[in-house]
Amino acid sequence: LLERTVEASLAADGSLQAKIREVATGASASANRALYKGMTEPQYRRVIERWVISSASSAQVSEIAVNAAEPGFELDLEMSAPGYAQSMAGRLLVFKPAVVARRGGLHWDDDERVYPITLHSDALAETTRLKLPAGFAIDEQPPDVRVEETFGAYEASWKAEGDELVFQRKLVLRNAEVPAEDYASLREFFNAIVAAEVSPVVLLKQ
């Protein structure tokens, strides 16, 4: 299991500041420890920076701290991203609350498959609390999402709490061998996840 918390704030100019904390247990901790211990510090930093920048091209990572003591694994980082939200006429801000992508995301682009697909168990639980800029309120937000198949389940929600937007997502994958004839269902499942995680929220200046 990988538990991620994101504490972020958005400014009226669209810039973002965020602190991200990940706590991994079980197989996720083992995989993260192996990655970390197999690299030098600069190499690991570049891996983390590429991950962050893949979600926010203008992002800069200022701090990275790792606790690789067994049996768990902890990662803390601080980042900033100028222009994270798109400003429209100074009255609207448009942005995606999923500040960082799922690492090791699965993408299925083939139209069809000949051979079965093997999935390995995995789990992510994330809560993002994003402070809204003063004078702005949520104007549009995506509907909650829930998709489930025999091999996994995913849910995402967006809600306002005071001057914050709370975005939560949870993904559970099970060990499974998905037959080629069920490939369309698998691709639809992951496409729904991708669509949810790029869905924007619109803020309106009051």
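These lines cover the structure that appears in this document, whether it is placed above or below. Remember, predicted model here, so these are calculated numbers, not experimental data. (Residues numbered from 1 in each chain as written. Predicted model: local features only at pLDDT ≥ 70, side-chain atom pairs only at ≥ 80, totals over all residues. Heavy atoms only, no water.)

1. Let's talk about the overall build of the protein
To be explicit about the condition: We count a stretch as a helix when DSSP gives it H or I for four or more residues in a row; a strand needs E for two or more, and each element gets its number in order from the N terminus. The contact rule is simple, with two residues in contact once any of their heavy atoms fall within 4.5 Å. All accessible-area figures derive from a Shrake-Rupley calculation using a 1.4 Å probe, and residue coverage is judged against the displayed protein chains alone. Only four residue types enter the charge count, namely Lys and Arg as positive and Asp and Glu as negative; His and the chain termini do not. Taken as the charge location is NZ of Lys, CZ of Arg, CG of Asp or CD of Glu.
Of regular secondary structure, the protein possesses three helices and 14 strands. Along the first, second and third principal axes, the C-alpha set of the protein runs to 55 × 40 × 25 Å. The long-range share in the protein, meaning contacts at least 24 apart out of those at least 6 apart in sequence, stands at 68%. Looking at the protein as shown, the accessible area adds up to about 10,900 Å², and 50% of this sits on carbon and sulfur atoms. Averaging the coordinates of the 22 positive side-chain charges in the protein and doing the same for the 31 negative ones gives two points 5 Å apart.

2. Comments concerning unusual backbone geometry
Residue proline 71 follows glutamate 70 across a cis peptide bond; omega there is 10 degrees. Locating proline 71 in the fold gives a position in the loop between strand E3 (60–67) and strand E4 (73–81). At alanine 89, a residue that is not glycine, the phi angle is positive and equals roughly 60 degrees. Of note, alanine 89 is situated in the loop between strand E5 (86–88) and strand E6 (92–95).

3. Some thoughts on the sheet that holds E3
Stated precisely, the cut-off is as follows: When DSSP finds at least two bridges between two strands, those strands are taken to pair. Axis geometry follows a simple rule: fit a line to the C-alpha atoms, using only the stretch in contact for helices, then measure angles between N-to-C directions, giving values from 0 to 180 degrees.
Pairing in this open sheet of eight strands is mixed, and the strands run E3-E4-E2-E1-E8-E12-E11-E10 from one edge to the other. At either margin of the open sheet sits one strand with a lone partner, and together these are E3 and strand E10 (145–149). Pairwise comparison of adjacent strand axes, ignoring direction, gives a mean angle of 10 degrees for this sheet. Its contacts with the sheet place helix H1 (residues 26–37) against strand E1 (2–10), strand E2 (16–24), E3 and E4, and it is angled at close to 70 degrees to E4. Of the strands in this sheet, E1, E2, E3 and E4 are in contact with helix H2 (residues 41–55), which crosses E4 at around 55 degrees.

4. Topic: the nonpolar core
Within soluble globular proteins, side chains that are nonpolar generally end up buried alongside one another. Heads up, the rule is: Only buried Ala, Val, Leu, Ile, Met, Phe, Trp, Tyr and Cys residues count toward a nonpolar core, and they belong to the same one when joined by side-chain atoms within 4.5 Å. Partly exposed describes any residue whose relative accessible area lies between the buried limit of under 20% and the exposed limit of over 50%, with all areas from a 1.4 Å probe on protein chains only and scaled to the type maximum.
Counting residues in hydrophobic clusters, the biggest one holds 54 residues, and the most contacted among them are Leu10, Leu16, Val52, Met79, Phe95 and Leu186. The dominant element in this core, judged by the number of residues it contributes, is helix H3 (residues 183–197), at six residues.

5. Notes on the packing of aromatic side chains
Put simply, the rule reads: Ring pairs shown here join Phe, Tyr and Trp side chains whose ring centres sit within 6.5 Å, with only the six-membered ring taken for Trp; geometry is labelled stacked below 30 degrees between planes, edge-to-face above 60, and tilted in between.
Counted by the stated rule, this structure contains five aromatic pairs. Seen in terms of ring centroids, tyrosine 36 and tyrosine 44 are 4.9 Å apart; in terms of plane orientation they differ by 85 degrees. Their pairing is edge-to-face. Residue class for tyrosine 44 comes out buried when judged on its relative accessible area of 1%.

6. Quick notes on H2
Residues separated by three or four positions in an α-helix point in the same direction, a consequence of the helix having 3.6 residues per turn. For the record, the criterion: The span expected for a helix works out to 1.5 Å for each residue beyond the first. By construction, the arc corresponds to the directions joining the helix axis to the C-beta atoms.
Across its 15 residues, H2 extends 22 Å between first and last C-alpha, which sits within 8% of the 21 Å expected from 1.5 Å per residue. For H2, the set of buried residues is Tyr44, Ile48, Trp51, Val52 and Ser55. Take H2 and look down its axis: the buried residues cluster within an arc of 95 degrees, on one side only. Relative to its buried face, H2 has exposed residues pointing more than 90 degrees away, namely Arg50 and Ser54. Against the buried residues of H2 lie E1, E2, H1, E3 and E4.

7. Notes on the environment of leucine 16
Counting through the fold element by element, leucine 16 comes out in strand E2. When the C-alpha atoms of leucine 16 and glycine 83 are compared, they prove to be 7.5 Å apart, with 67 residues separating the residues in sequence. Discounting chain neighbours no more than four positions away, the residues touching leucine 16 are Ala8, Ser9, Leu10, Met79, Ser80, Ala81, Tyr84, Val99 and Leu130.

8. Focus on the sheet that holds strand E9 (residues 136–140)
Spatial strand order, E5-E6-E14-E9: four strands in an open sheet with antiparallel pairing. If you trace the sheet from one side to the other, it starts and ends with E5 and E9, each paired once. Ignoring which end each strand starts from, the neighbouring axes of this sheet average 30 degrees apart. Of the strand pairs in this sheet, E6 and strand E14 (residues 201–205) are connected by four bridges, and their pairing is antiparallel. Opposite leucine 93, over in E14, you have leucine 203 as the bridge partner.

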